[in-house]
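The lines below spell out each chain.
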Amino acid sequence: MPRPIILASGSNIRQALLNNAHVPFDVVVPRIDEDSIKAALLQEGASPRDVSDALAEHKSLKISKKYRDALVIGCDQVLEHDGEILSKPNCPETARAQLARLRGERHRLLSAAVICHQASPIWRHIGQVRLEMRAFSDAYLDEYVERNWDSIRHAVGAYTLEEEGVRLFSRIDGDYFSVLGLPLLELLAYLNASGDLET
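No experiment lies behind these values; they were computed from the predicted model shown.

Caption draft 1: Quick look at the nonpolar core. Within the largest apolar cluster, 23 residues are counted, with the highest numbers of intra-cluster contacts made by Leu-99, Met-133, Tyr-144, Tyr-159 and Leu-168. Ranked by residues supplied to this core, first place goes to helix 5 (residues 138-152) with 6 residues. What Tyr-144 contacts, discounting residues up to four positions off in sequence, is Leu-99, Ile-152, Ala-158, Tyr-159, Thr-160, Glu-164, Gly-165 and Leu-168.

What follows is the structure, given as structure tokens:
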């Protein structure tokens with residue numbers, strides 16, 4: 001019998017991806033101090049991959065402890081450039097600085113998903129995508145940030161590929177869904193195999 005599914009994320013795009021795939025789920029957003037957890041992990045020398053995986057697990061476990069019979073999906077996305085993690089921009093100036101830094105360069109997105117059941121992790125996957133930004137002008141950069149600030153302030157790297165952000169790129173190697181923040185194909189494969197989705 002299929003188990004109830006909970007998405008431990010307030011991300012509209014992750015919710016839309018699951019809705020579009022006709023996955024039945026509820027949303028319960030965990031309250032965790034992501035910045036403190038991330039800082040502690042980095043101080044311990046954790047890799048960007050480990051940071052994304054650990055944050056996804058923290059979110060999933062937090063909700064799974066309250067909803068033990070459900071499959072709880074925790075997610076996190078990390079952008080790594082030259083060995084450094086870039087976070088969501090806190091102001092338009094930060095967004096502009098991040099995009100100026102990434103312009104004409106390659107970077108990597110890591111999209112982690114962890115499923116917990118009975119307050120224990122039972123499945124995890126980290127999607128990796130390599131992206132290359134084109135050498136856009138300063139004028140376009142300024143206009144892009146001004147036009148899209150309400151959207152990009154929620155996105156690592158200050159871009160949303162499903163919107164105008166796609167114009168910033170010359171090359172993308174990897175899974176589109178992982179760029180959006182959820183390794184959807186791998187997640188659906190697990191839910192199909194476990195009998196938690198109708199097949």
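Caption draft 2: Spatial organisation of the packing of aromatic side chains. The full count for this structure, using the stated rule, is 5 aromatic pairs. Three or more aromatic residues joined by ring pairs form one cluster here, namely Phe-136, Tyr-140 and Tyr-144. Stacked on the ring of Tyr-140, the Lys or Arg Arg-134 has its end atom at 5.4 Å from the ring centre.

Caption draft 3: Quick peek at helix 3 (residues 48-64). With 17 residues, helix 3 should reach 24 Å at 1.5 Å per residue; the first-to-last C-alpha distance of 24 Å fits that figure. For helix 3, the buried fraction is high: 12 of the 17 residues fall into the buried class.

Caption draft 4: View of a positive patch on the surface. A cluster of like positive charges, contributed by Arg-31, Lys-62, Lys-65 and Lys-66, occupies part of the molecular surface. With respect to the helices and strands, Lys-66 occurs in the loop between helix 3 and strand 3 (71-81).

Caption draft 5: Spotlight on the side chain of Lys-38. Mapped onto the elements, Lys-38 comes out in helix 2 (residues 34-43). We note that Lys-38 is buried and unpaired, the nearest opposite charge coming from Asp-35 at a distance of 5.0 Å. Contact partners of Lys-38, with chain neighbours within four places excluded, come to Val-51, Leu-55 and Ser-87.

Caption draft 6: Looking closely at the packing of helix 2 against helix 3. At their nearest, the axes of helix 2 and helix 3 sit 10 Å apart, and the two run at 140° to each other. Classed by the angle they form, the pair helix 2 and helix 3 counts as oblique. Viewed along their axes, helix 2 and helix 3 form a crossing whose handedness is right-handed. Residues Glu-34, Ile-37, Lys-38, Leu-41 and Leu-42 of helix 2 form the contact with helix 3, whose own contacting residues are Val-51, Ala-54, Leu-55, His-58 and Lys-59. Residue classes in the contact of helix 2 with helix 3 are distributed as 6 nonpolar, 1 polar and 3 charged.

Caption draft 7: Main features of the UniProt feature "active site" (unreviewed entry) in the protein chain. Those residues carrying the UniProt feature "active site" (unreviewed entry) are Asp-76 in this numbering. Position of Asp-76 among the secondary structure elements: in strand 3. Assessed through its relative accessible area of 5%, Asp-76 is described here as buried. Those residues in contact with Asp-76, other than ones at most four positions away along the chain, are Arg-14, Glu-34, Ser-52, Leu-55, Ala-56, Lys-59, Leu-110, Ser-111 and Ala-112. A polar contact is formed between the side chain of Asp-76 and the side chain of Lys-59, at a distance of 2.9 Å.

Caption draft 8: Fine view of the state of the cysteines. With the rule as written, the count across this model stands at 0 disulfides. Note on Cys-116: no disulfide assigned, nearest cysteine sulfur contributed by Cys-75 at a separation of 11 Å. Taking relative accessible area as the criterion, Cys-116 reaches 0% and is therefore assigned buried.

Analysis parameters
Residues numbered from 1 in each chain as written. Predicted model: local features only at pLDDT ≥ 70, side-chain atom pairs only at ≥ 80, totals over all residues. Heavy atoms only, no water. Core = buried A, V, L, I, M, F, W, Y, C linked by side-chain atoms within 4.5 Å. Buried < 20%, exposed > 50% of the residue type's maximum accessible area, 1.4 Å probe, protein only. Helix = DSSP H or I, 4+ residues; strand = E, 2+ residues; numbered from the N terminus. Contact = heavy atoms within 4.5 Å. Phe/Tyr/Trp six-rings, centres within 6.5 Å; stacked < 30°, edge-to-face > 60°. Lys NZ or Arg CZ within 6 Å of the ring centre and 35° of its normal. Expected span 1.5 Å × (residues − 1). Patch = residues over 30% accessible without salt bridge, like charges linked within 9 Å, V, L, I, M, F, W, Y side chains within 5 Å. Areas by Shrake-Rupley, 256 points an atom, 1.4 Å probe, with all protein chains shown as cover. Salt bridge = Lys/Arg side-chain N within 4 Å of Asp/Glu carboxyl O. Lys, Arg positive; Asp, Glu negative; His and termini not counted. Charge placed at Lys NZ, Arg CZ, Asp CG, Glu CD. Axes fitted to C-alpha atoms, helices over the stretch in contact; angles between N-to-C directions. Parallel < 35°, antiparallel > 145°, perpendicular 65-115°, else oblique. Left-handed = near helix turned anticlockwise from the far one by under 90°. Nonpolar A, V, L, I, M, F, W, Y, C, P; charged D, E, K, R; others polar. UniProt positions renumbered as here; feature names shortened; annotations may be inferred. Polar contact = N/O pair within 3.5 Å; in protein donor to acceptor, adjacent residues only side chain to side chain. Disulfide = S-S within 2.5 Å.

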